[in-house]
Amino acid sequence: MIALLHQTILSHNGYKVVHVMSIEEAKKVISSSQKIDAFIIDGNIIGGKTTELVKDIRKRYPDAKLVAASSDDDIQRELLEVGADTSAQKHEAATHLVTIIEDNTHPV
């Protein structure tokens, strides 16, 4: 439900949204050749350690904006320590990401 909200808010603001449900799907997306400006990283994504995913994203997309989305403060802190730019509660992450992107980039 929250992912749908994120997708709706971001799409409404002119951004292309790719939604994945697992670490495996996320790795396929980040290893592709598509240009990606920003990520919302769910702290509880299925299939592995989210901290490793953030590190992989940082290597491949060093200029992308990363928002750590979690209701757990410890998970937010861990993701910030490994490269997320900011953190947000899951219910506010999309609006927060729009603000971050608009401060630094333009819609694709």
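From a predicted model like this one, the values you see are computed outputs, not experimental measurements. Starting from 1, residues in each chain are numbered consecutively following that chain's sequence as written. Per-residue local features are limited, in this predicted model, to residues with pLDDT of at least 70; the limit for side-chain atom pairs, both in listing and counting, is 80 or more; totals at the level of whole chains, interfaces and linings are taken over all residues. Working from all heavy atoms in the structure, the side-chain values ignore hydrogens and water.

**Thoughts on the overall build of the protein**
Only DSSP runs of H or I with at least four residues qualify as helices, and only runs of E with at least two residues qualify as strands; both kinds are numbered from the N terminus onward. What the protein contains, in helices and strands, is five helices and three strands. Written out in order from the N terminus, the α and β elements of the protein read α-α-β-α-β-α-β-α. Here's how the labels work: a residue is buried when its accessible area is under 20% of the maximum for its type, exposed when over 50%, partly exposed in between, all with a 1.4 Å probe on protein chains only. Across the 108 residues in the protein, those meeting the buried criterion constitute 38%. Note on definitions: a residue-residue contact is assigned when non-hydrogen atoms from the two residues lie within 4.5 Å. Partitioning the intrachain contacts of the protein with sequence separation of at least 6 by distance along the chain shows that 61% fall at a separation of at least 24. The Shrake-Rupley method, run with a 1.4 Å probe, gives the accessible areas here. Residue values count only the displayed protein chains as cover. As displayed, the protein has an accessible area near 6300 Å², and 52% of this comes from carbon and sulfur atoms.

**What to know about helix H4 (residues 73–81)**
For H4, the set of buried residues is Ile75, Gln76 and Leu79. Projected down its long axis, H4 shows its buried positions confined to an angular sector of 100 degrees, all on one face. Projecting away from the buried face of H4 at angles above 90 degrees are the exposed residues Asp73 and Glu81. Each element contacted by the buried residues of H4 is listed here: strand E1 (38–42), helix H3 (50–60), strand E2 (65–69) and strand E3 (86–88). Polar contacts, as used here, are pairs of N or O atoms within 3.5 Å; protein pairs need one atom able to donate a hydrogen and one able to accept it. Residues neighboring in sequence count only if both atoms are side-chain atoms. The N-cap of H4, judged by a side-chain oxygen 2.7 Å from the amide nitrogen of Asp74 a few residues on, is Asp72. A positive backbone phi angle near 140 degrees is found at Gly83, which sits one or two residues after H4. Each direction from the helix axis to a C-beta atom contributes to the arc, which is the arc of those directions.

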